[in-house]
Amino acid sequence: MQTDDNVAGASLSFDMPTTEFGDGSRAVLPDILDRYNIKSPLVVTDEGVEDAGVLDDVLKFVSTDVTRHYATTEPSTRDFDDIPSTDFDCVIAVGGGSVLDTAKVVALLLTHGGDPASYLSVNNVPGPLCPLIAVPTTSGTGSQATQTAVITNDGIKRGMSDEFLQPDVAIVDPELTFDLPRSVTARSGFDAFVHALESLTARDYRWVDDRAINYQGANPVSRAFSRRALSCVWHSLERAVHDGDDREARRTLSLGSHLAGAAFSNAGLGVVHAIASSVGGMVDVPHGDSLAVSVEPGLIYNLPNRHVQYAEIARWLDLATTDEPDHDAAHALIDGCERLGESVGLTGSFEEVGLERNDITALVENTLVQKRRIKTTPRTPVADHLRAVLEESFEC
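*Asks:* Sorry if this is basic, but what is going on with the overall build of the protein here?
*Replies:* Of regular secondary structure, the protein possesses 14 helices and 9 strands. Looking at the protein as a whole, 57% of its 396 residues qualify as buried. Taking the contacts inside the protein whose residues are at least 6 apart along the sequence as the reference set, 78% of them involve residues at least 24 apart. Counting only carbon and sulfur atoms, one obtains 45% of the accessible surface of the protein, whose full area is about 15800 Å². Counting 31 positive and 60 negative side-chain charges, the protein places the centres of these two groups 4 Å from one another.

Shown next as structure tokens:
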């Protein structure tokens, strides 16, 4: 696949946690604790991970006593009053995206104290945190590789983004995902797919102003991660959903999810995720479903600026032939994304998640305020243009 990988004179940086990947990699946890001289870790998890036996499967390698703090399904700034007051020198997160995001906030508060709401938005963390070790049990959010925690404040999902929030170590053990339910595999995996696609096609880093976080636009380093992530997820998600015992697919999806997280934490995302977050804030649906209904309008919005690249990706994924015109091949990619969501059982339309045409104004407004995401989308969002695309989606 041909992409713009010319190395320009503009500076770029790339950062990601120290990573342990592979079946059984959770066994290195004691070595990591020794490396950081950890004596009193706090474990952040949730009851589902604990009840499934996954937490004990990770902690069996740890000889020191640990205290547990339980995350909620949708973390809120009101959820942190009960953090244990004992002195802890490390936070270990074992769980999905909500657990990992909660752990970032817990590590922040253990180190710096204060009100969680005061750290919302970008670049509000005053300094380094205590060591944070992330052990994901799903393949989707990529939070183990990112500098962002998504947390609800006053009923609105907000981002807390700062390079200090990125975990120090990510232990990505595919075995921890082997028994995931089909619905969780589908939703989290589709999130990873969109992370890879949006980071690959994000605005070029040469045309993105310097920012407090490393959402610097697609660049020669991030594109390599994005391409590999996209290939991994595209070729494994349906297999993992429809045959949960396909271990190769589970492993490939785990790797793709992690690489996608590393890619977008350095390149940024775009209008697809901005629309999806707006949907999630307006109706109570899982993030994967929000993405499934947002991917078509988001890609169509960016189409004038990305039709050549979309066409290249479509041919690379065997969604189009080399002799098809770029216009047709680009639309083949959009259609392929929709079919992928449908194949793994995700919601297909705004109406199905509970939105109506009279919600379009709020949807546009809520999308445009997400500066963290739309600064790296390839086509600058304009209200009237975005409204026109969303109206077409409601007419389909």
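*Asks:* What exactly am I supposed to notice about empty space enclosed by the protein here?
*Replies:* Space left empty within the atom packing is revealed by a probe, the size of a water molecule, rolled over the atoms. Per the stated rule, a full pass over the model turns up 4 cavities of 30 Å³ or more. Computed from the structure, the largest cavity encloses a volume of approximately 60 Å³. As for the largest cavity, its lining consists of Phe190, Ala292, Val295, Cys337, Glu338, Gly341, Glu342, Leu346, Thr347 and Gly348. Looking at the lining of the largest cavity, the elements with two or more residues in it are helix H10 (287-316) and helix H11 (326-343).

*Asks:* Can you walk me through unusual backbone geometry in this structure?
*Replies:* Both trends apply: most residues other than glycine have a negative phi, and most peptide bonds are in trans. Positioned with a positive phi, Asn123 is a non-glycine residue whose angle comes to about 65°. Counting through the fold element by element, Asn123 comes out in the loop between strand S5 (121-122) and strand S6 (132-136).

*Asks:* Looking at this structure, how should I read the packing of aromatic side chains?
*Replies:* Aromatic ring pairs are defined here through the distance separating the ring centres and the angle between the ring planes. This structure, assessed with the given rule, holds 5 aromatic pairs. Relative to Phe225, the ring of Phe14 has its centre 4.7 Å away and its plane inclined at 35°; by these criteria the two rings are tilted. Of this pair, Phe14 sits in the segment before strand S1 (18-21) while Phe225 sits in helix H6 (residues 220-234), and the two are 211 residues apart along the sequence. For Phe14, a relative accessible area of 25% gives the class partly exposed. Taken together, a centroid distance of 6.4 Å and an interplanar angle of 75° make the contact between Tyr215 and Phe264 edge-to-face. Residue Tyr215 is found in the loop between helix H5 (182-200) and H6, and its partner Phe264 is found in helix H8 (residues 247-267); the two are separated by 49 residues along the sequence.

*Asks:* Is there a simple way to explain the pattern of salt bridges in this structure?
*Replies:* Should the charged atoms of two oppositely charged side chains come close, the side chains can pair. Taken as a whole, this structure holds 14 salt bridges when the rule is applied. Note that Lys60 is salt-bridged to Asp57, the shortest N-O span being 2.8 Å. Between Arg247 and Asp245 there is a salt bridge whose closest N-O contact spans 3.9 Å. Here Arg247 falls in the partly exposed class, since its relative accessible area comes to 28%.

*Asks:* What should I look at first to understand the sheet that holds strand S9 (residues 169-172) in this one?
*Replies:* Reading across from one edge, S1-S9-S6-S4-S2-S3 is the order of the 6 strands in this open sheet, with parallel pairing throughout. The two strands at the open ends of the sheet, each matched to only one other strand, are S1 and strand S3 (67-70). Looking at each pair of strands side by side, their axes are set apart by 20° on average, direction ignored. Of the strand pairs in this sheet, S6 and S9 are connected by 2 bridges, and their pairing is parallel. For Ala134, the partnering residue across the bridge sits in S9 and is Ala170.

*Asks:* For this particular structure, what's the right way to read helix H4 (residues 97-112)?
*Replies:* Note: α-helices contain 3.6 residues per turn, so residues at a spacing of three or four share the same orientation. For H4, with 16 residues, the first-to-last C-alpha span of 23 Å sits near the 22 Å given by 1.5 Å per residue. In terms of burial, H4 is a largely internal element, 12 of the 16 residues being buried. Residues of H4 that are buried include every one of Gly97, Val99, Leu100, Asp101, Thr102, Ala103, Lys104, Val105, Val106, Ala107, Leu108 and Leu109, and no others. Buried-residue contacts for H4 involve strand S2 (41-45), S3, strand S4 (90-95), S6, strand S7 (148-153) and strand S8 (156-161). Where H4 ends, the next residue or the one after it, Gly113, has phi of about 70°, a positive value.

*Asks:* In this structure, what is going on with the pairing of S8? I would like to understand it.
*Replies:* Across a regular strand the side chains alternate sides, sitting on one face of the sheet and then on the other. Relative to S8, S5 runs parallel, the two sharing 2 bridges. Paired with Val122 across the bridge in S8 is Ser161. Of the pairings in the sheet, the one linking S7 to S8 comprises 6 bridges and is antiparallel in character. Each bridged residue has a counterpart across the sheet, and for Ile151 the counterpart in S8 is Arg158.

*Asks:* Honestly, the sheet that holds S8 in this entry has me stumped. Any pointers?
*Replies:* Strand-to-strand pairing in sheets goes through backbone hydrogen bonds, with the strands running parallel or antiparallel. Spatial ordering of the open sheet is given by S5-S8-S7, a layout of 3 strands whose pairing is mixed. Whereas interior strands pair on both sides, the edge strands pair on one side only; in this sheet they are S5 and S7. Across the sheet, H4 touches S7 and S8, and the angle it forms with S7 is around 90°.

*Asks:* Sorry, what's going on with the packing of helix H12 (residues 360-368) against helix H14 (residues 383-395) here?
*Replies:* When two helices pack together, their arrangement is given by the angle between their axes and by how far apart the axes lie. Closest axis-to-axis distance for the H12/H14 pair is 10 Å, and the angle between their directions is 130°. When the interaxial angle is binned, H12 and H14 end up oblique. In the crossing of H12 with H14, the sense of the turn from one axis to the other is right-handed. Touching Ile360, Thr361, Leu363, Val364, Thr367 and Leu368 of H12 are Ala383, Leu386, Arg387, Leu390, Glu391 and Phe394, all from H14. Here the residues of the contact of H12 with H14 sort into 8 nonpolar, 2 polar and 2 charged.

*Asks:* Explain the nonpolar core here, please?
*Replies:* For soluble globular proteins, nonpolar side chains are generally found buried alongside one another. Residues Phe190, Phe193, Leu197, Leu230, Leu237, Leu299 and Leu333 are the most contacted members of the largest nonpolar core, which totals 42 residues. Counting residues per element, the ones that place at least two in this core are H5, H6, helix H7 (237-242), H8, helix H9 (271-282), H10 and H11. With 9 residues, the top contributor of residues to this core is H10. If we skip the residues at most four places from it in the chain, Leu299 touches Leu197, Val272, Tyr310, Ile334 and Cys337.

Thresholds applied
- Residues numbered from 1 in each chain as written.
- Predicted model: local features only at pLDDT ≥ 70, side-chain atom pairs only at ≥ 80, totals over all residues.
- Heavy atoms only, no water.
- Helix = DSSP H or I, 4+ residues; strand = E, 2+ residues; numbered from the N terminus.
- Buried < 20%, exposed > 50% of the residue type's maximum accessible area, 1.4 Å probe, protein only.
- Contact = heavy atoms within 4.5 Å.
- Areas by Shrake-Rupley, 256 points an atom, 1.4 Å probe, with all protein chains shown as cover.
- Lys, Arg positive; Asp, Glu negative; His and termini not counted.
- Charge placed at Lys NZ, Arg CZ, Asp CG, Glu CD.
- 1 Å grid on protein atoms, 1.4 Å probe; cavity = no way out; pocket = protein on both sides within 12 Å on 5 of 7 lines; lining within 4 Å.
- Points joined across faces, edges and corners; volume = space filled by probe spheres on them.
- Phe/Tyr/Trp six-rings, centres within 6.5 Å; stacked < 30°, edge-to-face > 60°.
- Salt bridge = Lys/Arg side-chain N within 4 Å of Asp/Glu carboxyl O.
- Pairing = 2+ DSSP bridges.
- Axes fitted to C-alpha atoms, helices over the stretch in contact; angles between N-to-C directions.
- Expected span 1.5 Å × (residues − 1).
- Parallel < 35°, antiparallel > 145°, perpendicular 65-115°, else oblique.
- Left-handed = near helix turned anticlockwise from the far one by under 90°.
- Nonpolar A, V, L, I, M, F, W, Y, C, P; charged D, E, K, R; others polar.
- Core = buried A, V, L, I, M, F, W, Y, C linked by side-chain atoms within 4.5 Å.

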